[in-house]
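For reference, the chains in residue letters:
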Amino acid sequence: MKKARIDTGKTAVLTITSISGDLVIKSWDEGTVFLKGEYSFTEEKPGVLTIEANGRLQMMVPPDTSIAIEQVSGDALLKNVSGNVVVNTVNGDLVLVNVGATKIDTVHSDLSLNNIDQAISATTIHGDVSARNVAALAFSTIHGDFGGRNVNGSIKLGEVMGDVSFRTVNGDVELTTGHRDVNIRNVGGQTLITDARGDIRIFGGLIPKSHSFTAERDIIMRWPMGQPVQVIASAPKIKNRLSFDLITEGEGMLTGTMGEGGGVVNLKAGGTIVLKESDLVRAEWGDFDSGNIDIDLDFNIGEIGERVTAQVSKQMEQLSQRMNDMTSDLENRFGQDFGTGFAEQVIRKVEKAAAKAEKAAETARKRAEEQMRRSYDRRYRQKPTPAPEPQ
């Protein structure tokens, strides 16, 4: 296995033509590019390199390096590189952490994005996409699931074959076609879901703009009590539990207005539209007392998901700390290169596990909500008074 250091200065421009194994690129505070693997390179001019490798390639580069990747046969990890990134094809997973503006053509497995404050666009992702703490996103086709959380910018998706989750997005959201369910929570921009083949679930309010949701199956909208809104709903069956100030209902349609100055939410479903308050219990019921009641009616079902998510986050932090401790031990015993290689493999697994854990937390929250609803129905719905027995 070869090693080399190439002086480039604080800014480098790299073209990586072909890697037949995994690719790992990280930054360091030196004005050189470090290479480790069975590689070859040419230097067109100072700081401009073209690189290929037969097998795994590890690299350390200056922070402001710009990188163009043409072909990687295995997985690829890029971390703490602030220059622009262009990726043509990665046959395995692609993990990007704290990188600059990125354009991706094709990833044949999963894509993980973390802590990126520049725009990211991609043409085709054949696996799942997990994006956390990122800026604007634009994807043409995703063959797996999409999860976007803490996005400081807009999200524009073309076609997604799996489930879609938007959570805490500070920008507009657009989905042209989703083949499964769509979950929306805390979106701070205009929302347009053109065609969801599964269900759509909307949790919480939306900003005062025009929003549109179309689903082949059901739409469930949980709206905050007292927040102004106009709802225009169309479906074969509509179940309304919201207290509108003005309401017009007809066969397969409902138009309701709550307060003044709210946005307009257009809902169209092929199944059932359910409109209900986001709080499990009305505020005026909070002081209700009965000797037969042994639970608190102020219980907020929304806390369940937060608790589960908090537990998942804590476990991921503990796992990360254990990984750091183990890496340090391996470096002390077998050298830095061995420990670093081990850490890189674990990082990829942790990123994938975090995405799966987030999906599991959402599933747990839904199940808990349904169980609480059924428990509430059994306990507190008034039973009909039986008819007196004949004398």
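Note that the structure is a prediction, hence the values are computed from the model and not measured.

Asker: What should I look at first to understand the overall build of the protein chain in this one?
Answerer: Regarding its fold elements, the protein chain presents two helices and 29 strands. Buried residues in the protein chain amount to 47% of all 391 residues. A fraction of 41% describes how many contacts in the protein chain between residues 6 or more apart in sequence connect residues 24 or more apart. Of the roughly 19500 Å² of accessible surface on the protein chain, 47% is carried by carbon and sulfur atoms.

Asker: Could you clarify how one ought to interpret the environment of Gly100 in this entry?
Answerer: Checked against the element boundaries, Gly100 lands in the loop between β9 (94–99) and β10 (102–107). Other than its neighbours up to four places away in sequence, Gly100 contacts Val81, Ser82, Gly83, Ile116 and Gln118.

Asker: I'm lost on the environment of Gln227 in this one. Help?
Answerer: Counting through the fold element by element, Gln227 comes out in the loop between β23 (219–223) and β24 (229–234). Classification of Gln227 by relative accessible area gives partly exposed; the value is 26%. Separated by 36 residues in the primary sequence, Gln227 and Gly263 place their C-alpha atoms 9.8 Å from one another. Leave out the neighbours within four places in its chain, and Gln227 touches Gly205, Leu206 and Met258.

Asker: When you look at the packing of aromatic side chains in this model, what are you seeing that I'm missing?
Answerer: Geometrically, a pair of aromatic rings is defined through the distance of the ring centres and the angle of the planes. Using the criterion set out here, one finds four aromatic pairs in the structure. Ring geometry for Trp28 and Phe34: centres 6.2 Å apart, planes at 55°, overall tilted. Accessibility expressed as a relative area gives 16% for Trp28, which makes it buried. We classify Phe34 as buried; its relative accessible area is 16%. Where Phe146 meets Phe166, the ring centres are 5.9 Å apart and the plane angle is 55°; that geometry is what we call tilted. In this pair, Phe146 sits in strand β15 (residues 146–151) while Phe166 sits in strand β17 (residues 164–169), placing the two residues 20 residues apart along the sequence. Take Phe146: its relative accessible area is 2%, and that puts it in the buried class. Each member of the aromatic cluster is reached from another via a ring pair, and the members are Phe139, Phe146 and Phe166. Above the face of the Phe203 ring, Arg185 is positioned so that its terminal group lies 4.5 Å from the ring centre.

Asker: Explanation requested: the nonpolar core in the structure shown.
Answerer: Soluble globular proteins: nonpolar side chains tend toward being buried together. Met59, Phe139, Phe146, Phe166 and Leu267 are the most contacted members of the largest nonpolar core, which has 79 residues in total. Each residue touching Phe166, except ones within four places of it in the same chain, is listed here: Phe146, Gly148, Ile155, Leu157, Val173, Val182, Asn183, Ile184, Arg185, Val187 and Ile193.

Asker: What is the right way to read the pattern of salt bridges from this model?
Answerer: Pairs may arise between side chains of opposite charge once their charged atoms sit close together. In this structure the tally under the stated criterion is eight salt bridges. Across the salt bridge formed by Arg5 and Glu30, the nearest N and O atoms sit 3.0 Å from each other. Of this pair, Arg5 sits in strand β1 (residues 2–7) while Glu30 sits in the loop between β3 (23–27) and β4 (32–45), and the two are 25 residues apart along the sequence. Judged by its relative accessible area of 33%, Glu30 falls in the partly exposed class. Across the salt bridge formed by Asp163 and Arg180, the nearest N and O atoms sit 3.5 Å from each other. Pair noted here: Asp163 is in the loop between β16 (155–160) and β17 and Arg180 is in the loop between β18 (173–178) and β19 (182–187), with a separation of 17 residues, a long-range link. Among the residues examined, Asp163 registers a relative accessible area of 17% and is labelled buried. Taken together, the shared-partner salt bridges connect Asp181, Asp199, Arg201 and Arg217 into one network.

Asker: Help me out: how do you make sense of the pairing of strand β14 (residues 137–142) in this one?
Answerer: Residues in a regular strand point their side chains to alternate faces of the sheet. In this sheet, β14 lies alongside strand β12 (residues 120–125) in parallel orientation, the contact comprising five bridges. Residue pairing for β14: Ala122 is matched across the bridge by Phe139.

Asker: I would appreciate a short explanation of the pairing of β3 in the present structure.
Answerer: Burial within β3 is extensive, with five of its five residues counted as buried. Because side chains alternate across β3, one face comprises the buried residues Leu23, Ile25 and Ser27, and the other comprises Val24 and Lys26, equally buried. Here β3 runs beside strand β5 (residues 48–61); their pairing, made up of five bridges, is parallel. For Ser27, the partnering residue across the bridge sits in β5 and is Val61. Summarising the sheet, β3 and strand β7 (residues 76–81) pair through four bridges and their orientation is parallel.

Asker: Explain the environment of Gly158 here, please?
Answerer: Tracing the sequence through the fold places Gly158 in strand β16. Remark: the alpha-carbon pair of Gly158 and Ser140, spanning 18 residues in sequence, is separated by 4.6 Å. Beyond its immediate sequence surroundings of up to four residues, Gly158 is in contact with Phe139, Ser140, Leu175, Thr176 and Thr177.

Asker: Teacher, can you tell me more about unusual backbone geometry here?
Answerer: What you tend to see is this: most non-glycine residues have negative phi, and most peptide bonds are trans. A positive phi angle, near 55°, is found at Asn150, a position not held by glycine. Mapped onto the elements, Asn150 comes out in strand β15. Here the phi dihedral of Asn186 falls at roughly 60°; this positive angle occurs in a residue that is not glycine. The residue Asn186 is located in strand β19 in this model.

What counts as what
Sequence order sets the numbering: in each chain, residues are counted from 1 along the sequence as written. Local features in this predicted model are restricted to residues of pLDDT 70 or higher, and side-chain atom pairs are both shown and tallied only at a pLDDT of 80 or more, whereas totals for entire chains, interfaces and linings draw on every residue. Based on all heavy atoms of the structure, the side-chain values leave hydrogens and waters out of the count. Each helix is a run of H or I in the DSSP string that is no shorter than four residues. Each strand is a run of E no shorter than two, and both are numbered from the N terminus. When a residue's accessible area, from a 1.4 Å probe over protein chains only, is under 20% of the maximum for its type it is buried; when over 50% it is exposed; and in between it is partly exposed. Should any heavy atoms of two residues lie within 4.5 Å, those residues are counted as being in contact. Methods summary: accessible areas were calculated by the Shrake-Rupley approach with a probe of 1.4 Å, and residue burial reflects only the protein chains presented. Ring geometry is summarised as follows: Phe, Tyr and Trp rings, the Trp one being its six-membered ring, pair when their centres sit within 6.5 Å, and such pairs are stacked at plane angles under 30 degrees, edge-to-face over 60 and tilted between the two. The rule is short: NZ of Lys or CZ of Arg within 6 Å of the ring centre and within 35 degrees of the ring normal puts a charge over the ring. Grouping buried Ala, Val, Leu, Ile, Met, Phe, Trp, Tyr and Cys residues that are joined through side-chain atoms within 4.5 Å yields what is termed a nonpolar core. Within this document, salt bridges are pairs made up of a side-chain nitrogen of Lys or Arg and a carboxyl oxygen of Asp or Glu, the two lying within 4 Å of each other. At least two bridges found by DSSP between two strands are what make those strands a pair.

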